Amino acid sequence: MSSSTSSQPLVHPAGTARLLWTALATVVVLTLLAYLVAFDQGAVSRSGTYLHELMHDGRHLLGVPCH
C-alpha cells in the first residue's frame, strides 16, 4: 500500500492575510468601542442626547464609574 501525502498548505496565504486583517480590524473596532463607552464621558457624543444616553447606560452596564 502506498500513501500519498499532499504538499499543499492547509491554509492559503491569501486566506491567512485576510484573517490577520480581519482580526486586526476587529481589535481596533472593539478598542474604539471600549474607549467610547468607558472613557469618553460624553466628549464625542455631544451631538445628540440619544448617543450620550446610550454610552452612559453602557458604562453602567459594564460597571464603569461615570459619576
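Residues numbered from 1 in each chain as written. Predicted model: local features only at pLDDT ≥ 70, side-chain atom pairs only at ≥ 80, totals over all residues. Heavy atoms only, no water.

Participant: It is not clear to me how the overall build of the protein chain should be interpreted in this structure. Could you clarify?
Facilitator: In terms of regular secondary structure, the protein chain is built from two helices and zero strands. For the protein chain, buried positions account for 16% of its 67 residues. For the protein chain, the accessible surface area stands at approximately 5900 Å², while carbon and sulfur atoms represent 69% of it. (Helix = DSSP H or I, 4+ residues; strand = E, 2+ residues; numbered from the N terminus. Buried < 20%, exposed > 50% of the residue type's maximum accessible area, 1.4 Å probe, protein only. Areas by Shrake-Rupley, 256 points an atom, 1.4 Å probe, with all protein chains shown as cover.)

Participant: How should helix H2 (residues 49-62) be read in this particular structure?
Facilitator: With 14 residues, H2 ought to run about 20 Å at 1.5 Å a step, and its terminal C-alpha atoms sit 20 Å apart, in line with that. Residues of H2 that are buried include every one of Met55, His56, Gly58 and Arg59, and no others. Down the axis of H2, the buried side of the element spans an arc of 155°, and every buried residue falls inside it. Opposite the buried face of H2, at more than 90 degrees from it, the exposed residues are Thr49, Tyr50 and Leu61. Just downstream of H2, glycine 63 is the residue with a positive phi angle, here 80°. (Expected span 1.5 Å × (residues − 1). Arc of directions from axis to C-beta.)

Participant: For this particular structure, what's the right way to read a nonpolar patch on the surface?
Facilitator: Together, Trp21, Leu24 and Val28 make up an exposed nonpolar region whose accessible area comes to about 340 Å². Along the chain, the position of valine 28 falls in helix H1 (residues 13-39). (Patch = residues over 30% accessible without salt bridge, like charges linked within 9 Å, V, L, I, M, F, W, Y side chains within 5 Å. Salt bridge = Lys/Arg side-chain N within 4 Å of Asp/Glu carboxyl O.)

Participant: Quick question: what am I supposed to make of the environment of leucine 61 here?
Facilitator: Structurally, leucine 61 can be placed in helix H2. Taking C-alpha positions, leucine 61 is 9.9 Å from valine 37, a pair spaced 24 residues apart along the chain.

Participant: What is the right way to read the environment of histidine 52 from this model?
Facilitator: Relative to the assigned elements, histidine 52 resides in helix H2. Given a relative accessible area of 28%, histidine 52 falls into the partly exposed group.

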